[in-house]
Structures are given as C-alpha cells and as structure tokens.
Amino acid sequence: EPEVTQTPSHQVTQMGQEVILRCVPISNHLYFYWYRQILGQKVEFLVSFYNNEISEKSEIFDDQFSVERPDGSNFTLKIRSTKLEDSAMYFCASSEALFTGTKNIQYFGAGTRLSVL
Amino acid sequence: KQEVTQIPAALSVPEGENLVLNCSFTDSAIYNLQWFRQDPGKGLTSLLLIQSSQREQTSGRLNASLDKSSGRSTLYIAASQPGDSATYLCAVLSGNTPLVFGKGTRLSVIA
C-alpha cells in the first residue's frame with residue numbers, strides 16, 4: 001500500500017539553525033500538508049500546498065517557515081532560525097482531493113521529531 | 001471556527017471491557033471524520049474514517065459512529081486488550097480548513 005514517507009525520523013539542532021524536514025507524498029496525490037504536535041498538545045495544522053503554491057496556512061506558519069516542492073516527488077518544510085518552542089513532532093500528509101468525495105482522505109507520514117537545543 | 005473536543009481525557013479499564021470514546025465538534029458541516037491511534041512518541045495510525053454521508057464504520061473490534069446533526073462521534077472498542085493502550089485522536093475535515101484534531105483520550109487497559 002502506498003505510504004507517505006518522512007525523513008529524518010529525528011532531527012536535533014541548535015537554536016538559531018535552519019532545518020529542512022522532508023516528505024515524499026503518495027505519488028498520485030495533489031494536495032500536501034504539514035501539521036505539528038508539540039509534546040502533550042493537539043496536532044495543529046500548519047500549511048497546505050497545491051499546484052506549487054500555498055493554498056492555506058495557519059497563524060503558526062509565519063515568516064520563519066517555508067514549504068517547497070523542489071522536484072516531482074519531495075515536499076519540504078524549512079524552518080529558519082529555529083527556536084526552543086519549535087521542538088515538536090512534524091507530520092506530513094497528502095490527499096488526492098481537498099474536501100469533497102471519497103478522495104479527501106489525508107494519509108499521514110510517521111513524523112519527524114524535531115528537538116531544538 | 002471548528003473545534004473538536006474529546007471526552008474523557010483519560011480512561012483506565014480492566015482487560016476485556018467494552019468501552020466508548022467520545023468526540024464532539026462545533027460545526028456540523030463536515031466532509032469526514034477520522035479516528036487515529038497514537039502510541040507515546042510515535043506517529044498517527046489511522047483507524048477508521050467516516051465520510052459525511054455515512055453513519056458508521058467498523059474494523060475488527062472497532063466501531064465508529066457519526067451523528068452529524070448533533071456534532072458527535074463515538075469510537076467503540078470491544079473486548080479491550082492491553083495492546084489497545086494508546087492515545088486515540090479524533091479529527092474532522094470541514095469548511096475550508098484542513099483537519100482539526102481533538103486533544104485525544106489516553107486509554108490504559110490493565111491486564
């Protein structure tokens with residue numbers, strides 16, 4: 001069964017450094033998402049991406065964050081100048097369709113645990 | 001703005017018991033509702049997804065129901081086992097917003 005893959009599984013970085021989290025969505029999916037879960041808190045939506053541009057973003061997704069689809073398979077989340085409070089699990093997801101129909105199911109990767117020291 | 005609430009926040013039951021986890025949402029105009037399992041420090045495992053046109057879905061010992069008009073879903077786990085111990089998350093797709101998650105119910109099944 002096709003799956004969303006995320007690398008690395010765990011990333012440790014120093015405060016102020018830039019990190020890039022990588023995701024390979026399911027190949028025929030058109031919509032891509034990043035979510036974040038700070039330890040002990042809810043999973044929160046960060047950003048959605050379609051047709052090579054951001055379709056929606058939350059208030060969490062400020063100028064520190066950016067997303068990119070650098071080639072036909074990868075989808076990346078870049079966090080510039082990381083802060084302690086960026087420590088969280090980051091989940092990538094993808095779907096064939098956005099809202100309506102049976103193809104609106106979002107499939108999640110296993111996540112990348114980001115630890116900012 | 002969609003909000004998802006899960007009750008109880010934590011639940012401890014003896015092995016073999018049947019149990020119900022609850023999820024409520026404020027905006028009933030949803031496209032689908034999904035139940036996930038999350039083990040400590042791990043990713044999200046999708047358990048069941050109910051489209052807005054459906055009333056329930058079943059997988060093995062799990063049964064999820066959806067009452068859109070009242071903004072509620074339940075996850076029923078039959079004959080619970082220690083291996084069912086995990087946090088169960090409910091997430092709703094609605095409006096123009098990608099998935100909105102509840103905070104989860106932390107389940108402990110005691111052998």
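Going by the structure above, here's the rest.
Just so you know, these numbers come straight off a predicted model, no measurement behind them. (Residues numbered from 1 in each chain as written. Chains lettered and ligands numbered in written order. Predicted model: local features only at pLDDT ≥ 70, side-chain atom pairs only at ≥ 80, totals over all residues. Heavy atoms only, no water.)

1. Comments concerning the packing of aromatic side chains
Here a ring pair, both rings aromatic, is described through the centre-centre distance and the interplanar angle of the planes.
Logical step 1: This structure, assessed with the given rule, holds 13 aromatic pairs over all chains.
Logical step 2: Relative to F108 of chain A, the ring of Y35 of chain A has its centre 5.3 Å away and its plane inclined at 45 degrees; by these criteria the two rings are tilted. Of the two residues, Y35 of chain A is situated in strand β4 (residues 31-37) and F108 of chain A in strand β10 (residues 107-108); the sequence distance between them amounts to 73 residues.
Logical step 3: Residue Y35 of chain A is classed as buried on the basis of its relative accessible area of 0%.
Logical step 4: Judged by centre distance (6.0 Å) and plane angle (85 degrees), the ring pair of F108 of chain A and F101 of chain B falls under edge-to-face. A residue pair is termed interchain when its members come from two chains, as with F108 of chain A in strand β10 and F101 of chain B in strand β10 (residues 97-101). Exposure class is identical for F108 of chain A and F101 of chain B. Each is buried. (Phe/Tyr/Trp six-rings, centres within 6.5 Å; stacked < 30°, edge-to-face > 60°. Helix = DSSP H or I, 4+ residues; strand = E, 2+ residues; numbered from the N terminus. Buried < 20%, exposed > 50% of the residue type's maximum accessible area, 1.4 Å probe, protein only.)

2. Comments concerning the interface of chain A and chain B
Logical step 1: Across the contact, 23 residues belong to chain A and 23 residues belong to chain B.
Logical step 2: Between chain A and chain B, a total of about 1700 Å² is buried, with carbon and sulfur atoms accounting for 60% of that surface.
Logical step 3: Viewed at the interface, chain B and chain A are joined by 0 salt bridges.
Logical step 4: Our count for the chain A to chain B interface comes out at 6 residue pairs in polar contact (both at pLDDT 80 or more). (Contact = heavy atoms within 4.5 Å. Buried area = accessible area lost by both parts, 1.4 Å probe. Salt bridge = Lys/Arg side-chain N within 4 Å of Asp/Glu carboxyl O. Polar contact = N/O pair within 3.5 Å; in protein donor to acceptor, adjacent residues only side chain to side chain.)

3. Quick notes on the sheet that holds strand β7 (residues 65-68) of chain A
Residue and element names in this part refer to chain A.
Logical step 1: On the basis of which strands lie adjacent, the open sheet formed by 4 strands has the order β1-β3-β8-β7 and antiparallel pairing. Since the sheet does not close on itself, it has two edges, and those belong to β1 (5-7) and β7, each with one partner. Shown here is a sheet whose adjacent strand axes are inclined to one another by a mean of 20 degrees, direction ignored.
Logical step 2: Bridge analysis of β1 against strand β3 (residues 19-24) gives 3 bridges, and the strand direction is antiparallel. Across the sheet, the residue bridging to T5 is V24, located in β3. (Pairing = 2+ DSSP bridges. Axes fitted to C-alpha atoms, helices over the stretch in contact; angles between N-to-C directions.)

4. Considering the state of the cysteines
Logical step 1: Taken as a whole, this structure holds 2 disulfides over all chains when the rule is applied.
Logical step 2: The disulfide bridge from C23 of chain A ends at C92 of chain A, spanning 1.9 Å between sulfur atoms. Looking down the S-S bond of the C23 of chain A and C92 of chain A bridge, the torsion is -65 degrees, so its handedness is left-handed. Of this pair, C23 of chain A sits in strand β3 while C92 of chain A sits in strand β9 (residues 88-95); the two residues are 69 residues apart in sequence, bridging distant segments of the chain. Taken individually, C23 of chain A and C92 of chain A each receive the classification buried, so the pair is uniform in this respect.
Logical step 3: The disulfide partner of C23 of chain B is C90 of chain B, and the gap between their sulfur atoms is 2.0 Å. Across the disulfide from C23 of chain B to C90 of chain B, rotation about the S-S bond amounts to roughly -60 degrees, and the bridge is consequently left-handed. (Disulfide = S-S within 2.5 Å.)

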